[in-house]
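Structural description and commentary
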Amino acid sequence: MNKRWNGQYSCFDLVARSDDGPRSVVQVGDIAIGGDEFVVMAGPCAVESEGQVLDTAVSVARAGARILRGGAYKPRSSPYSFQGMGVEGLKILAKAREVTGLAIVTEVMSETDVDVVAEYADIMQVGARSMENYSLLERLGTCGRPVLLKRGMTATLEDLLCSAQLLVASGNPDVILCERGIRTFETATRNTFDVAAVPVLKTVSHLPVIVDPSHAAGVQMLVPILARAAVVVGADGLLVEVHPQPEKAASDGEQSLTFEQFDAMMADLDPYLSLRAAAEKACAVAGGLA
Ligand code: PEP
Ligand code: MN
């Protein structure tokens, strides 16, 4: 462990990485997150209708995604925005899993919804706004499903690891960390993608780390480029918003990729993934990075 961070994070002993300790792999059916495969989770910001979710699921599965995302319970910045379809939305996601074989990741916002979301979801998403909802995290300790923990918009990496520690201490070892951009003074992007967060988290913690380039960018055109950056810095996967008609999306249309854009992004990532695998192999032969 780099001395710079050793003292700062070693108090989070359940999620901190020891020098020779193994990395943890979160298993979801036959999908191993944090292993050799780069796992892409994709789908709409919010579940809006059966047709929208099924069409998206079929398309992203064909392009190589392994997990379908889609919010049935939506934390919105305005109380007047679309709040999600609730249980109806969860049923639509389950139908898409049946049709495509994709696993499901969906957000849980409240302790009272944990049981119903766990009944339908394969991975429980904790959103940026809930990262410090400690009673929700404690309850998720015994939900029996892996948790995708998103970094809060104003959370330091220490804050993120503190929440991860609470999840594990509450009984759930299957935690996936997600960098989704943080709030800074910059306004050109919706959030600022903290690219260094990925290698720092992978150095100080044994947990898998994925990147959400959609909420980091806030605009479609930057999503594939930030996804490339995520590959290069060693992320274990992506969480990407995709919509059949982004201009008509009930939420986050501006940052949602069309099916064609998602196909192009997946094809674009291939050479970067091959290069990364070759570089890691060469590095291991040379005895690893200092
Ligand atoms: C989402 O994934 O749609 C979402 C609400 O993300 P975040 O919690 O990162 O804002
Ligand atoms: Mn969204």
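Look up: the structure comes first, before these words.
Description of the structure in this document. This one's a predicted model, so the numbers in the text were calculated from it and none came from an experiment.

Once that is clear, we can look at the overall build of the protein chain. Helix and strand counts for the protein chain stand at 10 helices and 10 strands. For the protein chain, the spread of C-alpha atoms along the three principal axes comes to 50 × 40 × 40 Å. When the 290 residues of the protein chain are sorted by exposure, 53% land in the buried category. In the protein chain, the proportion of contacts linking residues at least 24 apart, taken out of those at least 6 apart, comes to 71%. Between the centroid of the 25 positive side chains of the protein chain and the centroid of its 36 negative side chains there is a distance of 2 Å.

For the rest of this paragraph, the subject is the nonpolar core. The biggest cluster of nonpolar side chains holds 73 residues, and the ones touching the most others in it are Met124, Leu140, Leu149, Leu177, Leu238, Phe262 and Met265. It is helix 6 (residues 157–169) that provides the largest number of residues to this core, a total of six residues. If near-sequence neighbours (up to four positions away) are discounted, Leu177 is found in contact with Leu149, Leu160, Leu161, Ala164, Leu201, Ser205, Leu207, Pro208, Val209 and Ile210. Membership of the second largest hydrophobic core comes to 15 residues, among which are Val28, Val39, Ile67 and Cys178.

It is worth spelling out the coordination of the manganese ion (ligand 2) at this point. Cys45 (SG), His215 (NE2), Glu241 (OE) and Asp252 (OD) make up the full set of protein donors to the manganese ion (ligand 2), lying at 2.1 to 2.4 Å. Each donor residue of the manganese ion (ligand 2) belongs to the same chain, and together they define the spacing C-x169-H-x25-E-x10-D. Pair noted here: Cys45 is in the loop between strand 3 (39–43) and helix 2 (50–63) and His215 is in helix 8 (residues 213–217), with a separation of 170 residues, a long-range link.

Inspection of the region around ligand 1 gives Cys45, Arg69, Lys74, Glu107, Gln125, Gly127, Ala128, Arg129, Lys150, Arg180, His215 and Glu241 as its neighbouring residues. Between an oxygen atom of ligand 1 and a side-chain N or O atom of Arg129, the distance comes to 3.0 Å. Between an oxygen atom of ligand 1 and a side-chain N or O atom of Lys150, the distance comes to 2.9 Å. When isolated, ligand 1 has an accessible area of 300 Å², and the protein chains bury 97% of it.

In this section: the environment of Leu90. Residue placement: Leu90 occurs in helix 3 (residues 87–100). For Leu90, a relative accessible area of 1% corresponds to the buried category. When the C-alpha atoms of Leu90 and Val117 are compared, they prove to be 7.2 Å apart, with 27 residues separating the residues in sequence. When near neighbours in sequence (up to four residues on either side) are disregarded, Leu90 contacts Ala72, Tyr73, Thr106, Val116, Val117 and Tyr120.

Let's shift gears to the side chain of Glu107. On the secondary structure map, Glu107 appears in strand 5 (residues 103–107). Despite its burial, Glu107 pairs with no opposite charge; the closest candidate is Lys74, at 5.0 Å N-O. Polar contacts involving the side chain of Glu107 include one to the main-chain amide nitrogen of Gly127, which spans 3.4 Å.

Rules behind the numbers
- Residues numbered from 1 in each chain as written.
- Chains lettered and ligands numbered in written order.
- Predicted model: local features only at pLDDT ≥ 70, side-chain atom pairs only at ≥ 80, totals over all residues.
- Heavy atoms only, no water.
- Helix = DSSP H or I, 4+ residues; strand = E, 2+ residues; numbered from the N terminus.
- Buried < 20%, exposed > 50% of the residue type's maximum accessible area, 1.4 Å probe, protein only.
- Contact = heavy atoms within 4.5 Å.
- Lys, Arg positive; Asp, Glu negative; His and termini not counted.
- Charge placed at Lys NZ, Arg CZ, Asp CG, Glu CD.
- Core = buried A, V, L, I, M, F, W, Y, C linked by side-chain atoms within 4.5 Å.
- Donors = N, O, S within 2.8 Å, 3.2 Å for Na, K, Ca; no water.
- Near = heavy atom within 4 Å.
- Polar contact = N/O pair within 3.5 Å; in protein donor to acceptor, adjacent residues only side chain to side chain.
- Areas by Shrake-Rupley, 256 points an atom, 1.4 Å probe, with all protein chains shown as cover.
- Salt bridge = Lys/Arg side-chain N within 4 Å of Asp/Glu carboxyl O.

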